Structures are given as structure tokens and as C-alpha cells.
Amino acid sequence: RRDSKKRSVPLEQVSEVVVGEEAGEQAELPADELCVTLLLEDGSAVGFRFDDLGERDIFALCLSMFVDGRKGELSRRYAELQKGPASKKVNRV
């Protein structure tokens, strides 16, 4: 589309992946049953519209898995940093 824009969105900034019309009011974007909307931590949103429900569902599922995986990775890293270097086990032979 002419009015579409290229934009990078780090996965950790996605607060919610919303399928269908439900995100329309929250995001102030036009949305229908073929849409997936990413609600971002800063209050903005990014919308995608697909040709059919199958494409929409696969995209939403995969993206949700990527977002959850990234957030889990960051949580683990944060927990490791909180423990500090003294808590790392040393294997002695």
C-alpha cells in the first residue's frame, strides 16, 4: 500500500498480539476479522491485514511464540544478573 510505512519493532516492545476486530478501539486502527494488531509498550500499535483467516492465525501464533520467547529470554538474563557472579557454580574435577 502507498500509505504503509517500514518500521522495526523489537519483540520485547510488543505488549499484546490481538487477533480480529478486538484491537480496533484500543489501537485506534481500522480492524476486521482478517487483522492482527500489535499493541506496543509505548501505547502505539501496528496493524496487519491478511487475505484469509489461516494466514492471519499462523502469523498471530508464530509472532506470539517469538514475543513470549524473547520476553522469557530477557527475564532469564535479568534473573542471572540479579544473582551476580558469586552464585555461579564452579565444577571441580
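Right above here is the structure, for reference.
What comes next concerns the included structure. Computed from a predicted model, the values in this text were never measured in an experiment.

What about the packing of aromatic side chains?
Here's step 1: The final tally for this structure, using the stated rule, is 2 aromatic pairs.
Here's step 2: Their ring planes at 50° and their centres at 5.0 Å tell us that Phe48 and Phe59 sit as a pair that is tilted. Taken together, the positions of Phe48 in strand 3 (residues 45-49) and Phe59 in helix 2 (residues 53-83) put the pair 11 residues apart, joining distant regions of the chain.
Here's step 3: Judged by relative accessible area, Phe59 falls into the partly exposed class, the value being 25%.
Here's step 4: With a centroid separation of 4.9 Å and 40° between ring planes, the pair formed by Phe50 and Phe59 is classed as tilted.
Here's step 5: Among the aromatic residues, those joined into a cluster by ring pairs are Phe48, Phe50 and Phe59.

A look at the sheet that holds strand 2 (residues 35-40)
Here's step 1: On the basis of which strands lie adjacent, the open sheet formed by 3 strands has the order 1-2-3 and antiparallel pairing. The outermost strands of the open sheet, each flanked by one partner alone, are strand 1 (14-19) and strand 3. Shown here is a sheet whose adjacent strand axes are inclined to one another by a mean of 15°, direction ignored.
Here's step 2: Pairing between strand 2 and strand 3: 5 bridges, direction antiparallel. Bridge pairing in strand 3 places Leu39 opposite Ala45.

Reading the values: rules and limits
- Counting restarts for each chain: residues are numbered from 1 in the order of the written sequence.
- Owing to the predicted nature of the model, reporting of local features is limited to residues with pLDDT of at least 70; listing and counting of side-chain atom pairs is limited to 80 or more, with chain, interface and lining totals taken over all residues.
- Remark: hydrogens and water are excluded; side-chain values derive from all non-hydrogen atoms of the structure.
- Two rings belonging to Phe, Tyr or Trp (six-membered ring only in the last case) form a pair when the distance between their centres is within 6.5 Å. Interplanar angles under 30 degrees mark stacking, angles over 60 mark edge-to-face geometry, and anything in between is tilted.
- For helices the rule is a DSSP run of H or I covering at least 4 residues; for strands it is a run of E covering at least 2, with both sets numbered from the N terminus onward.
- A simple rule labels every residue: compare its accessible area, found with a 1.4 Å probe on the protein chains alone, to the largest value its type can have, and call it buried under 20%, exposed over 50%, or partly exposed in between.
- For two strands to be treated as a pair, DSSP must find no fewer than two bridges joining them.
- Interaxial angle, 0 to 180 degrees, is taken between N-to-C directions of lines fitted to C-alpha atoms, where a helix line uses only the stretch in contact.

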